[in-house]
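# Understanding the architecture of this molecule
Each chain, written out:
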Amino acid sequence: MVAGESDRVLVTSSGGIYTCRGQIKGTNTLIKESDPVTIWDTADKPRATLTAGTTIIPVGGSVTLTCSVQSSDGWKYEWFRRTQRTSGVHIRDQQNRDIRVSQGGIYRCRGTRGNPVYYTDMSDEVTIEKTFSNKVVVKQQPNWPQIFRGETITLTCEVQEGGETTEWEYEWRGPSTPTQWTHNNDVTFRVSESSSGDYMCKSRRRDDSYSSTEWSEAFTLSGSTGIETPMLTCCSIT
């Protein structure tokens, strides 16, 4: 009970569960107590939780995102998406707890309810990546069937099926490749024992960091590659 409050309107800065009841003026008759209303302090403000079934959109597919507010009912939801080129854009016509998305990007959500509208804190961000249908292959130059340690080779990541009309970035997996996205589609190195292994690459458009191809099939640089030792023969002197 809030002591000393006899007005119809109560102004408060404290969180908690509030109820009210009235008394008929001039009598001792009390009206039945109201349903409880929860008021949240800023420190206690609920936070939306965003989860994804998977963070990789398959070719031609979509993924499901779920927004929830713990231990309470009656919420609608607002959804937001941003990319490296745009700020958080409200996804219109989406108020459901679950939505399906087919675009890569960074997603957030929050819960809303009541009139005037009450908003939860924003959820943490979830990054969703879309998979392009373009295939990529790793090619070797020079394309000799046998490479010896000490020789220099170049591996090229080639985007097929119309990839020549798009500006791409490339990511590599392999013993002698860059560990970050690069504008260069090739890597050149001297073959050594430590460079043997599997090499793969994938590509993404330079204007869209959240959409990429699948990884290429592995190109194997044989660990048995060795140094060729010339054979010297000579005739006998008679």
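These figures come from a predicted structure and were not determined experimentally.

## Some details on the state of the cysteines
Going through the model one piece at a time under the given rule, you end up with two disulfides. With its sulfur 2.1 Å from that of its partner, Cys 67 forms a disulfide with Cys 109. The disulfide joining Cys 67 to Cys 109 has a torsion of about 90 degrees about its S-S bond and is therefore right-handed. Highlighted residues: Cys 67 in strand 5 (residues 63–68) and Cys 109 in strand 9 (residues 105–113), separated in sequence by 42 residues. Grouping residues by exposure puts Cys 67 and Cys 109 together as buried. A sulfur-sulfur separation of 2.0 Å characterises the disulfide bridge that pairs Cys 157 with Cys 201. Measuring the twist about the S-S bond at about 85 degrees, one finds the Cys 157-Cys 201 disulfide to be right-handed.

## Remarks on the pairing of strand 15 (residues 186–190)
By the alternation rule, side chains of strand 15 split into Val 187 and Phe 189, which are all buried, and Asp 186, Thr 188 and Arg 190, of which none is buried. Judged from the five bridges that link them, strand 13 (residues 152–159) and strand 15 form a sheet pairing that is antiparallel. Pairing of Thr 152 across the sheet is with Arg 190, part of strand 15.

## Things to note about the sheet that holds strand 15
Read across the sheet, three strands follow the order 12-13-15 without closing on themselves; strand pairing throughout is antiparallel. Strand pairing shows two members of the sheet lacking a second neighbour, strand 12 (136–141) and strand 15, which therefore form its edges. In this sheet, neighbouring strand axes are inclined to one another by 20 degrees on average, regardless of whether the strands run parallel or antiparallel.

## Things to note about the sheet that holds strand 3 (residues 49–52)
The strand order across the open sheet formed by three strands is 3-5-8, and the pairing between neighbours is antiparallel. Bordering the open sheet on either side are strand 3 and strand 8 (98–101), each of which pairs with just one other strand. Between one strand axis and the next, the sheet turns through 25 degrees on average, direction left out of account. For strand 3 and strand 5, the ladder comprises four bridges, and the chain directions are antiparallel. Of the residues in strand 5, the one forming a bridge with Thr 49 is Ser 68.

## Concerning the nonpolar core
Formed by 18 residues in total, the largest nonpolar core has its most connected members in Ile 153, Leu 155, Trp 172 and Phe 189. Among all residues touching Phe 189, those that are not within four sequence positions of it are Glu 151, Thr 152, Ile 153, Leu 155, Ser 176, Ser 195, Tyr 199 and Leu 221. If you look at the next biggest cluster of nonpolar residues, it comprises 16 residues, including Val 63, Cys 67, Ile 99 and Cys 109.

## Describing unusual backbone geometry
Of the consecutive residues Asn 115 and Pro 116, the connecting peptide bond is found in the cis state with omega at 5 degrees. Pro 142 follows Gln 141 through a cis peptide bond whose omega is -10 degrees. Residue placement: Pro 142 occurs in the loop between strand 12 and strand 13.

## So, the pattern of salt bridges
Taken as a whole and judged by the stated rule, the model has eight salt bridges. The salt bridge involving Arg 82 is made with Glu 125; its shortest N-O contact spans 3.1 Å. A residue pair is termed long-range when its members are at least 10 positions apart, and Arg 82 in strand 6 (residues 76–82) and Glu 125 in the loop between strand 10 (118–119) and strand 11 (126–131) qualify at 43 residues. On the accessibility criterion, Glu 125 (39% relative accessible area) is partly exposed.

Calculation notes
- Residues numbered from 1 in each chain as written.
- Predicted model: local features only at pLDDT ≥ 70, side-chain atom pairs only at ≥ 80, totals over all residues.
- Heavy atoms only, no water.
- Disulfide = S-S within 2.5 Å.
- Helix = DSSP H or I, 4+ residues; strand = E, 2+ residues; numbered from the N terminus.
- Buried < 20%, exposed > 50% of the residue type's maximum accessible area, 1.4 Å probe, protein only.
- Pairing = 2+ DSSP bridges.
- Axes fitted to C-alpha atoms, helices over the stretch in contact; angles between N-to-C directions.
- Core = buried A, V, L, I, M, F, W, Y, C linked by side-chain atoms within 4.5 Å.
- Contact = heavy atoms within 4.5 Å.
- Salt bridge = Lys/Arg side-chain N within 4 Å of Asp/Glu carboxyl O.

By themselves, these are just geometric observations and shouldn't be taken as functional.
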